[in-house]
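# Coordinate analysis (summary)
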Amino acid sequence: MPSVIALDAMGSDRAPKPEIEGAIQAARHYGVRVLLVGPQQLIGAELERYPAATGLPLEVVHASEVITMEDKAVQAVRAKRDSSMRVGLRMVRDRRASGFVTAGNTGAAMATAKMVLGAIPGVDRPALAAVIPTAIRTVAVLLDVGANVDSKPHNLEQFAVMGEIYFRSMFGTRRPRVGLLSIGEEESKGNELTRETFPLLKQLPLNFVGNVEGRDLYNGRVDVIVADGFVGNVALKTSEGVANMVRATLKESLKATITRQVGYLLSRNAFADFKKRLDHTEYGGAPLLGIKGVCFITHGSSNANAIKNAIRVAAQFADRRINDSIEKGLGAIRPAGAQKPVQAGDSGKVTVPVPVGRAFRS
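Everything numeric in this text was worked out from a predicted model, so none of it was measured. (Residues numbered from 1 in each chain as written. Predicted model: local features only at pLDDT ≥ 70, side-chain atom pairs only at ≥ 80, totals over all residues. Heavy atoms only, no water.)

In terms of regular secondary structure, the protein chain is built from 12 helices and 11 strands. In the protein chain, which comprises 362 residues, the share counted as buried stands at 53%. Of the contacts made within the protein chain by residues no fewer than 6 positions apart, 76% connect residues no fewer than 24 positions apart. Total accessible area computed for the protein chain in this model is approximately 16100 Å², and 52% of it derives from carbon and sulfur atoms. (Helix = DSSP H or I, 4+ residues; strand = E, 2+ residues; numbered from the N terminus. Buried < 20%, exposed > 50% of the residue type's maximum accessible area, 1.4 Å probe, protein only. Contact = heavy atoms within 4.5 Å. Areas by Shrake-Rupley, 256 points an atom, 1.4 Å probe, with all protein chains shown as cover.)

In structure tokens form, the structure reads like this:
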């Protein structure tokens, strides 16, 4: 049976166009059944403009309300009970969909997912995990990148376990190298949080390589980088800014002279490969690890390629039953300080995590 992914068709800045185009591509290339969640009349009318959608496993699921980027998470989750986010996540909870994808308001998506789906036993706080490219043509996973402003050592301990299992399950590495993001490699370096977290990670049955620095994010030395949401978000946003600057500078430089333009034409395959490796739309957004269900959040500026790949990785996440592995992994180590998990429900009572801005809006 093909995977079924509920897609928030009203999440991105230019919705629903990128969502519909991405859904068509995912259904055609990967055989995924996509449920387009949003105002039925609007989505249906837009879908009719695409003859390529005929015969594909696409379905429109009505949701009368939309949470915008300008909405405050608390008010939006409480007031908009028939939003495309909430309807889509209910479908995951009720097993009508195996996963949910949104390019919408990050804070609202996290709050709604935590409320509707609940947390995996042993998880105090879910974490957003971003996939980033490395210089040696591999990838690394950085978490948390914005779900939590303030974290405790036992939260980072849980992040390490979840990130290691996610990397191992998605990328096939038997013993991923796990590092703690700090300002120096020595165990004594860092702030109070990293110094207290280090011995916890050292005792875990993981391939913990110790502290890593910002320059190690992209050199391939480590596979999973653990940080609190504030530091992780700053690192991610800085990296995206540098990547955009490099692309723009290179493009400008290549157009400077006729000789350089000729050189570009001769090397355009190499430059296309370079651009693709730095393109965040190839990596499919970030999973919210630690909830009882599959929820992927991607950029508000997502194009069709980003949506297509987010659907692809959400389906892979569900098919590989990564949440079952995370629950087993956390149960085996019983992280210090673990609290009673948040139970799923839809009563309208909201405990909203405090994200660091819009983690995936570029």
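Glancing now at the sheet that holds strand β5 (residues 127–133). In space, the 11 strands of this open sheet follow the order β3-β2-β1-β4-β11-β10-β5-β6-β9-β7-β8, with mixed pairing throughout. The open sheet has two free edges, formed respectively by β3 (58–62) and β8 (207–212), since each of these has just one partner strand. Pairs of neighbouring strands in the sheet enclose a mean axial angle of 25 degrees, with direction left out of account. Relative to β3, helix α2 (residues 40–47) is tilted by about 155 degrees, and along the sheet it contacts β2 (33–38) and β3. (Pairing = 2+ DSSP bridges. Axes fitted to C-alpha atoms, helices over the stretch in contact; angles between N-to-C directions.)

Considering all chains together, one arrives at 13 salt bridges under this definition. Linking Glu185 and Arg221 is a salt bridge whose minimum nitrogen-to-oxygen distance equals 3.4 Å. Taken together, the residues Glu185 in the loop between β7 (177–181) and α7 (192–202) and Arg221 in the loop between β8 and β9 (224–226) connect sequence positions 36 residues apart. On the accessibility criterion, Arg221 (30% relative accessible area) is partly exposed. Taken together, the shared-partner salt bridges in this structure form one network comprising Glu185, Asp216 and Arg221. (Salt bridge = Lys/Arg side-chain N within 4 Å of Asp/Glu carboxyl O.)

Moving on, we get to the pairing of β7. Most of β7 is tucked away, with four of its five residues classed as buried. Each parallel crossover has a hand, and for β7 linked through α7 to β8 it is right-handed. Bridge count between β7 and β9: three bridges; the pairing is parallel. Opposite Leu180, over in β9, you have Val226 as the bridge partner. (Right-handed = clockwise from strand over helix to strand, strands pointing away.)

Looking at the element boundaries, Glu19 is found in helix α1 (residues 17–30). At 7.9 Å, Arg14 is the nearest oppositely charged side chain to Glu19, a buried residue that forms no salt bridge. In terms of polar contacts, Glu19 uses its side chain to reach the backbone amide nitrogen of Gly11, at 3.5 Å. If we ignore the near neighbours within four places in the chain, the residues touching Glu19 are Leu7, Asp8, Ala9, Met10, Gly11, Ser12, Leu36, Ala103 and Ile307. (Lys, Arg positive; Asp, Glu negative; His and termini not counted. Polar contact = N/O pair within 3.5 Å; in protein donor to acceptor, adjacent residues only side chain to side chain.)

Under the 1.5 Å per step criterion, the end-to-end length of helix α5 (residues 106–117) is 16 Å for 12 residues, consistent within 8% with the ideal 16 Å. Among the 12 residues of α5, 12 are classified as buried, and the element is accordingly described as predominantly covered. Summarising the contacts, the buried residues of α5 are in contact with α3 (73–79), α4 (84–93), β4 (99–102), β5, β10 (286–289) and β11 (295–297). Here α5 starts with a cap whose side-chain oxygen sits 3.1 Å from the backbone nitrogen of Gly107, and that cap is Asn105. Following α5 by one or two positions, Gly118 has its phi on the positive side, about 80 degrees. (Expected span 1.5 Å × (residues − 1).)

These figures come from the coordinates and say nothing about function on their own.
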